[in-house]
Amino acid sequence: MKLSHFNFNLPKELLADYPAENRDESRLMVIHRDTKKIEHRMFKDIIDYFEDGDVLVLNNTKVFPARLYGNKEKTGARIEVFLLRELNSEQRLWDVLVDPARKIRIGNKLYFGDDDSLVAEVIDNTTSRGRTLRFLYDGSYDEFRNKLTELGETPIPKYINREVNEDDAERYQTIYAKEEGAVAAPTAGLHFSKHLLKRLEIKGVNFAEITLHVGLGTFNPVEVEDLSKHKMDSEELVITQEACDIVNAAKGKRKKVCAVGTTSMRAIESSVSSNKTLNPYEGWTNKFIFPPHDFAVANCMITNFHTPKSTLLMMVSAFIGHDLMKKAYEEAIKEQYRFYSYGDAMLIL
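Parameters and conventions
- Residues take numbers from 1 onward in each chain, read along the sequence in its written order.
- Side-chain atom pairs in this predicted model are given and counted only at pLDDT of 80 or more, local residue features only at pLDDT of at least 70, and totals for whole chains, interfaces and linings cover all residues.
- Note: side-chain values were computed over all heavy atoms of the structure, leaving out hydrogens and water.
- Helix and strand assignments come from DSSP, with helices taken as H or I runs of at least 4 residues and strands as E runs of at least 2, each series counted from the N terminus.
- Stacked, tilted and edge-to-face pairs are distinguished by plane angle, under 30 degrees for stacked and over 60 for edge-to-face with tilted covering the rest, among Phe, Tyr and Trp rings (Trp via its six-membered ring) whose centres lie within 6.5 Å.
- Charges are assigned to positions over rings by a cutoff of 6 Å between ring centre and Lys NZ or Arg CZ, combined with an angular limit of 35 degrees from the ring normal.
- Think of a 1 Å grid over just the protein atoms. A cavity is a set of points where a 1.4 Å probe fits yet cannot get out, a pocket is an open set with protein on both sides within 12 Å along at least five of seven lines, and lining residues have an atom within 4 Å of a point.
- Grid points are joined across faces, edges and corners, and a volume is the space filled by probe spheres set on the points.
- Under the convention adopted here, Pro, Cys and the residues Ala, Val, Leu, Ile, Met, Phe, Trp and Tyr are nonpolar, Asp, Glu, Lys and Arg are charged, and Gly plus all remaining residues are polar.
- For every domain, the bounds stem from an assignment made automatically or drawn from a database.
- Contact criterion: two residues are considered in contact whenever any of their non-hydrogen atoms come within 4.5 Å of each other.
- Each of two parts loses accessible area, computed with a 1.4 Å probe, when they are put together; buried area is these two losses added.
- Here, a salt bridge means any side-chain nitrogen of Lys or Arg that lies within 4 Å of a carboxyl oxygen of Asp or Glu.
- Here a polar contact means two N or O atoms within 3.5 Å. Within protein one must be a hydrogen donor candidate and the other an acceptor candidate, and residues neighboring in sequence count only if both atoms are side-chain atoms.
- Burial status follows relative accessibility: with a 1.4 Å probe on protein chains alone, a residue under 20% of its type maximum counts as buried, one over 50% as exposed, and anything between as partly exposed.
- Directions pointing from the helix axis toward each C-beta atom define the arc.

Some details on unusual backbone geometry
Asp99 connects to Pro100 through a cis peptide bond whose omega is 0°. Looking along the chain, the bond that leaves Pro291 and enters Pro292 is cis, with omega of -5°. Relative to the assigned elements, Pro292 resides in the loop between β15 (281-285) and β16 (300-304). Positive phi, close to 70°, is recorded for Lys74, a residue that is not glycine. Tracing the backbone through its elements, the reader meets Lys74 in the loop between β5 (67-72) and β6 (78-88). One non-glycine residue with positive phi stands out, namely Tyr340, at about 80°. One can find Tyr340 in the loop between α7 (322-334) and β17 (345-348).

And the structure:
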């Protein structure tokens, strides 16, 4: 398939700038792959589609406040610094994006906070916007990390057309987030409330937690017509033996194994044995799933509505078939479902 197969016109008014008032009261499109039937429900109705022994695979990564604003030495120009990943904790080296990038050169210093208590020096250029920073801070490592958290703000995506607010710190985070390291939320999980998870647990649904630290690459549009030439950014992944045991037991009993979000799906498809069971894993993955793809682990998926030409849309197409995906997206636009991180969800059975 080619990139042009994944383009569609998305009306701007369908982009969700705010989440639903209650997590589990966003809308839910239910798609049955066998019959091609489409239903329109509320997210909390998802409980009707799961039984005792089914499994939800949850990505328990936690978003950290990755967006900082600093001032350049001498000129005082305001610079946005987006923390991507820590390269060396002892030397306090970080891989970052800067904006505007043209002003930031090797040797420049940036000052953060009203009292300039945090300083960073640019020590390398990595890409057109990418830089390596060394942070200078008088204090222990824990105090330094606390300072980053204090000065940083929730990294809601750029396409959300408003300033970040106090609610975002809670709402741009799943309620089961535990392992800090993501710069973007695994957004399908944002729809689960504590109450809904409890009801699923009481019904006998099991949860397998994996950790995939979502990077900014998740938003990168594909720019090559030949999809096989697209390179995904690597993201850190941990799959424990416990998660494998839960998933493989359900597979053995022919139960539902439902990947909550494209990040969970990419994680489990990155570590599959020759007999299609899930293996433990600790490392990095740059798995890119696009049609055709033989899914080995999950037989069900929950996901949001995605942008044209995105890798996320390509994964959905691979899972449900391109024609059914197009039909679902046409219906979503007609029925005015909300798109993107704070938008509505689909359950694919």
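Quick look at the packing of aromatic side chains
The final tally for this structure, using the stated rule, is 16 aromatic pairs. Here the aromatic rings of Phe305 and Phe339 are separated by 5.4 Å at their centres, their planes lie at 45°, and the arrangement is tilted. With Phe305 in the loop between β16 and α6 (311-320) and Phe339 in the loop between α7 and β17, the pair connects residues that are 34 residues apart, well separated along the chain. Of the aromatic side chains, those joined through ring pairs into one cluster are Phe8, Phe305, Tyr329, Tyr337 and Phe339. Against the face of Phe319 rests Arg33, its NZ or CZ located 4.0 Å from the ring centre. Lying across the ring of Tyr69, Arg78 places its NZ or CZ 3.9 Å from the centre.

Overview of empty space enclosed by the protein
Gaps left between atoms show up when a probe the size of a water molecule is rolled over them. All chains considered together, the criterion is met by four cavities of 30 Å³ or more. When its volume is computed, the largest cavity comes out at roughly 80 Å³. Surrounding the largest cavity, Pro19, Ala20, Arg23, Ser26, Arg171, Leu190, His191, Ser341, Tyr342 and Gly343 form its lining. Of the residues assigned to the lining of the largest cavity, the class counts are four nonpolar, four polar and two charged. Taken as a whole, the second largest cavity holds about 50 Å³ of empty space. In terms of lining, the second largest cavity is formed by Phe64, Pro65, Leu83, Arg145, Leu148, Thr149 and Glu180. Top element by residues in the lining of the second largest cavity is helix α1 (residues 141-151). It accounts for three residues. Class assignment of the residues belonging to the lining of the second largest cavity gives a composition of four nonpolar, one polar and two charged.

Observations concerning the domain arrangement of the protein chain
Each domain of the protein chain was delimited in the assignment, giving domain 1 (3-63 + 169-348) and domain 2 (67-153). Residue-level contacts link five residues of domain 1 with six residues of domain 2. Here domain 1 and domain 2 share an interface that buries about 420 Å² over both sides, 60% of which is from carbon and sulfur atoms. On inspection of domain 1 and its partner domain 2, the count reaches one salt bridge. Here Glu180 makes a salt bridge to Arg145, at a shortest N to O gap of 3.4 Å. Applying the counting rule to domain 1 against domain 2 returns two residue pairs in polar contact (both at pLDDT 80 or more).

Things to note about helix α3 (residues 194-202)
Every buried residue of α3 is listed here: Leu196, Leu197 and Leu200. Looking straight down α3, one finds its buried side chains confined to an arc of 100°; they lie on one side. Pointing more than 90 degrees away from the buried face of α3 are the exposed residues Lys194, His195 and Ile202. Looking at the buried residues of α3, the elements they touch are β3 (55-59) and β12 (206-212). Phi for Gly204, located one or two positions after α3, is positive at around 100°.

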